[in-house]
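Here's the letter readout for the chains.
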Amino acid sequence: MIEAGKTTYTQTITVTHQDTAAVYGSGKLEVFATPAMVGLMENTAIRSLEGLLEPGTDTVGIEINTKHTKATAVGQQVTCKATVTEVDGRRIRFEIDAWDEKGAIGHAVHDRFIIFPDKFMSKL
């Protein structure tokens, strides 16, 4: 069961060259890219739901409000924690925090929506 305040997941990655703003095209520097952080945040939210969704369903991200507050160098570890804060029908809201070895680097409020993949894809 997906429960506000109880459904959570934490994961840690090591920033590589592939995660940098220079590679993503979101900047020129060899630092952890904002799009890479957003991807990590969404993935952490998805992983928090593993085994909790009804068979035949999945989720899609529908909104994310993110602040990237500090740069992280290649080689540093970034930890990300997603916590469900609200379940409203098929919408699930998360608070997500990210930090590196020196402290907080980002925060997000992220909404995902439970979908039926076949029906969803048939509308494209």
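The structure presented is a predicted model; accordingly, all values stated were derived computationally and were not measured. Within any chain, residue numbers begin from 1 and follow the written order of that chain's sequence. Local features are withheld for residues below a pLDDT of 70 in this predicted model, meaning they are given only at 70 or higher, and side-chain atom pairs are given and counted only at 80 or more; totals for whole chains, interfaces and linings count all residues. Calculation of side-chain values draws on the structure's entire complement of heavy atoms; hydrogens and water are dropped beforehand.

Trainee: Now, about the overall build of the chain: what can you tell me, with residues and values included?
Mentor: On a plain count of helices and strands, the chain comes out with three helices and five strands. On the principal axes, the C-alpha backbone points of the chain span a range of 40 × 35 × 20 Å. The 124 residues of the chain split such that 34% are buried. Residue contacts follow a heavy-atom distance rule, with two residues in contact if any of their heavy atoms lie within 4.5 Å. For the chain, long-range pairs separated by at least 24 residues make up 64% of all intrachain contacts whose partners lie at least 6 apart in sequence. Each helix is a run of DSSP H or I of at least 4 residues and each strand a run of E of at least 2, with the numbering of both proceeding from the N terminus. In this scheme, a residue with accessible area under 20% of its type's maximum is buried, one over 50% is exposed, and one in between is partly exposed, where area comes from a 1.4 Å probe on protein chains only.

Trainee: Summarise the environment of Glu30; cite the residues concerned and give the values.
Mentor: Within the secondary structure, Glu30 is located in the loop between helix H1 (21-24) and helix H2 (34-48). Put simply, Glu30 and Ala73 are 43 residues apart on the chain and 7.2 Å apart in space, counted from C-alpha to C-alpha. The contact partners of Glu30, leaving out residues within four places of it in the chain, are His17, Thr20, Ala22 and Val74. N or O atoms closer than or at 3.5 Å make up a polar contact, with two conditions inside protein: a donor-capable atom paired with an acceptor-capable one, and, for residues adjacent in sequence, both atoms drawn from side chains. Polar contacts involving the side chain of Glu30 include one to the side chain of His17, which spans 2.9 Å.

Trainee: Talk me through the nonpolar core; I want residue IDs and the actual numbers.
Mentor: To form a nonpolar core, buried Ala, Val, Leu, Ile, Met, Phe, Trp, Tyr and Cys residues must be joined to one another through side-chain atoms within 4.5 Å. If you look at the biggest cluster of nonpolar residues, it comprises 22 residues, and the most contacted ones within it are Phe32, Met41, Val78, Ile92, Phe94 and Ile96. When residues of this core are traced back to their parent elements, those giving at least two are H2, strand E3 (77-88), strand E4 (91-100) and strand E5 (103-115). The element best represented in this core is H2, accounting for five residues. In this structure, Ile92 is in contact with Ile2, Leu49, Thr59, Val84, Glu86, His110, Asp111, Arg112 and Ile114, ignoring residues within four places of it in sequence.

Trainee: An account of the sheet that holds E5 is requested, with residue identities and associated values reported.
Mentor: Pairing between strands is defined by DSSP: at least two bridges between them are needed. Spatially, E1-E3-E4-E5-E2 is the arrangement adopted by the five strands of the open sheet, whose pairing is antiparallel. Looking along the sheet, the strands with just one partner apiece sit at the ends: strand E1 (8-14) and strand E2 (58-68). Put simply, the sheet's adjacent strands are angled 20 degrees from each other on average, direction ignored. Bridging between E3 and E4 involves 10 bridges; their strand directions are antiparallel. Note on E4: the bridge partner recorded for Glu86 is Arg93. Under this scheme, a helix contributes an axis fitted over its contacting stretch, all axes are lines through C-alpha atoms, and angles between N-to-C directions fall in the 0 to 180 degree range.

Trainee: Requested: an account of H2, with residues and values cited.
Mentor: Multiplying 1.5 Å by the helix residue count minus one yields the expected span of that helix. Counted at 1.5 Å a residue, the expected span for H2 with its 15 residues is 21 Å, and the 21 Å between its end C-alpha atoms agrees. Those residues of H2 lying buried are Ala36, Met37, Val38, Leu40, Met41, Thr44, Ala45 and Ser48. Those residues of H2 that are buried are in contact with E1, H1, E2, E3, E4 and E5.

Trainee: For the pairing of E4, give the residues involved together with the corresponding values.
Mentor: Remark: two residues form the turn of the hairpin made by E3 and E4, two consecutive strands paired antiparallel; Gly89 in that turn has positive phi of roughly 65 degrees. Bridge count for E4 against E5 is 10 bridges, and the pairing is antiparallel. Within E5, the position partnered with Phe94 by the bridge is His110. Connecting the antiparallel pair E4 and E5 is a turn made up of two residues.

Treat this as a map of the structure, not an account of what it does.
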